[in-house]
Amino acid sequence: MSDHRILVTAAGGHLGRLTIDALLKLVPASQIVAGLRDPAKGADLAARGVTVVAADYSKPETLDAAFKGIDRLLLISSNELGQRVAQHRNVIDAAKRAGVKLIAYTSVLRADTSPLSVAKEHLPTEELIRASGIPFALLRNGWYTENYTASIPAALAHNALISSAGDGRIASASRADYAAAAAAVLTSAADHAGKVYELAGDSAYTLEQFAAEITKQSGKTVAYVRLPEADFKAALLGAGLPPELAELIATSDTAAANGALFDDSRTLGKLIGRPTTPFATTIAEALKA
């Protein structure tokens, strides 16, 4: 690859930082730009030689300044539910004004047919990108295994992993796997323009198997408790989750019960040139944390 300048938006988040890590293994730090809402929070990235700039999805003027001279842009989807499409539009419009040559977007697995509620904001974003005329690559990320390992402390405390995912098979991968895929696309000499990548883990599991693995590794019995969606949502609300997030998690698990998070194409592993991270490995990391 030549000396393309690459900008990663939302570089202060989990996926953003992991993508920067992955990029630093592939290209010099001088080619990498980290866009953060608050650049002061990127001091550690600057210390590694990465250029840190202000890039706030809700402030187009910061985006215009940040995108000057950028060749390839990774748009990591906003985490502000209900505001994503408007925020993403700001990024896409600024990228067009700046003459960005490739925009990669972290969408969701099978966004065009997915029953997942998050697809309602990902699909319109994909359409905005297509309409922009900017060459693009759609990184349709499946579930992060960390979405489930986040529940381990509660599962250990209550000896139960609760869910409305039934016996749905989930082909998740670690955040680092998806970050590696983004870095591969952003640095590759191959032409990724117009490509749509359906990304998921190499193998799939049920949450009953996930609970059994927590039991095996922790030595504490964690039962898998299947709940109807309404009961699961009520439990999440009772645990203090905001209504929007409780709704998202409960409906996503119901969709998972119906196969929304299963994929066996192994596209992610092919893109990163190695097997995806087994869920047992991510559980082990979570238990050590």
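Look up a bit, the structure's there.
Residues numbered from 1 in each chain as written. Predicted model: local features only at pLDDT ≥ 70, side-chain atom pairs only at ≥ 80, totals over all residues. Heavy atoms only, no water.

*Asks:* I'd like a description of helix α4 (residues 84-98), backed by residues and values.
*Replies:* Its 15 residues place the ends of α4 21 Å apart at the C-alpha level, agreeing with the 21 Å of an ideal helix rising 1.5 Å per residue. Buried within α4 are the following residues: Arg84, Val85, Gln87, His88, Val91, Ile92, Ala94 and Ala95. Structurally, α4 contributes buried residues whose contacts are with α3 (60-66), β4 (72-75), β5 (102-108) and α5 (119-132). (Helix = DSSP H or I, 4+ residues; strand = E, 2+ residues; numbered from the N terminus. Expected span 1.5 Å × (residues − 1). Buried < 20%, exposed > 50% of the residue type's maximum accessible area, 1.4 Å probe, protein only. Contact = heavy atoms within 4.5 Å.)

*Asks:* Residue-level account of the sheet that holds strand β8 (residues 195-199), with values.
*Replies:* Neighbouring strands of a sheet are bound in pairs by backbone hydrogen bonds; such pairs are parallel or else antiparallel. Taken together, 7 strands build an open sheet; the order of strands is β3-β2-β1-β4-β5-β6-β8 and the sheet is parallel. Each of the sheet's edge strands pairs with one partner strand only, and the pair in question is β3 (51-54) and β8. Neighbour-to-neighbour, the strand axes of the sheet open up by a mean angle of 20°, direction not taken into account. Relative to strand β6 (residues 136-141), β5 runs parallel, the two being bridged by 6 bridges. Bridging from a neighbouring strand, Tyr105 pairs with Leu138 of β6. Sitting on the sheet, helix α1 (residues 14-24) touches β1 (6-8), β2 (32-36), β4, β5 and β6, and the angle it makes with β1 is about 155°. This element, α5, spans β5, β6 and β8 of the sheet and lies at about 160° to β5. (Pairing = 2+ DSSP bridges. Axes fitted to C-alpha atoms, helices over the stretch in contact; angles between N-to-C directions.)

*Asks:* Now, about unusual backbone geometry: what can you tell me, with residues and values included?
*Replies:* With phi around 50°, Arg110 is a residue other than glycine that occupies positive phi space. We note that Asn159 has phi near 55°; this positive angle belongs to a residue other than glycine. In this fold, Asn159 is placed in the loop between α7 (152-158) and β7 (160-163).

*Asks:* Hey, could you go over the packing of α4 against α5 for me, with residue numbers and the actual values?
*Replies:* Direction vectors running N to C along α4 and α5 enclose 20°, while the axes themselves pass 9 Å from each other. When the interaxial angle is binned, α4 and α5 end up roughly parallel. Pair α4 / α5 crosses with right-handed handedness. Taking contact as the criterion, the partners of Arg84, Val85, His88, Arg89, Ile92 and Lys96 in α4 are, on α5, Glu121, His122, Pro124, Thr125, Leu128, Ile129 and Ser132. (Parallel < 35°, antiparallel > 145°, perpendicular 65-115°, else oblique. Left-handed = near helix turned anticlockwise from the far one by under 90°.)

*Asks:* Provide a residue-level description of the packing of helix α10 (residues 229-238) against helix α11 (residues 243-257), including the pertinent values.
*Replies:* How two helices sit against one another is set out by the angle between their axes and by the gap between those axes. Running from N to C, α10 and α11 cross one another at 145°; their axes reach a closest spacing of 9 Å. Crossing geometry of α10 relative to α11 is assigned as right-handed. Of the residues in α11, those in contact with Glu229, Phe232, Lys233, Leu236 and Leu237 of α10 are Pro243, Ala246, Glu247, Ile249, Ala250, Thr251, Asp253 and Thr254. Class assignment for the residues of the contact of α10 with α11 results in 7 nonpolar, 2 polar and 4 charged. (Nonpolar A, V, L, I, M, F, W, Y, C, P; charged D, E, K, R; others polar.)

These values are about where atoms sit, not about what they do.
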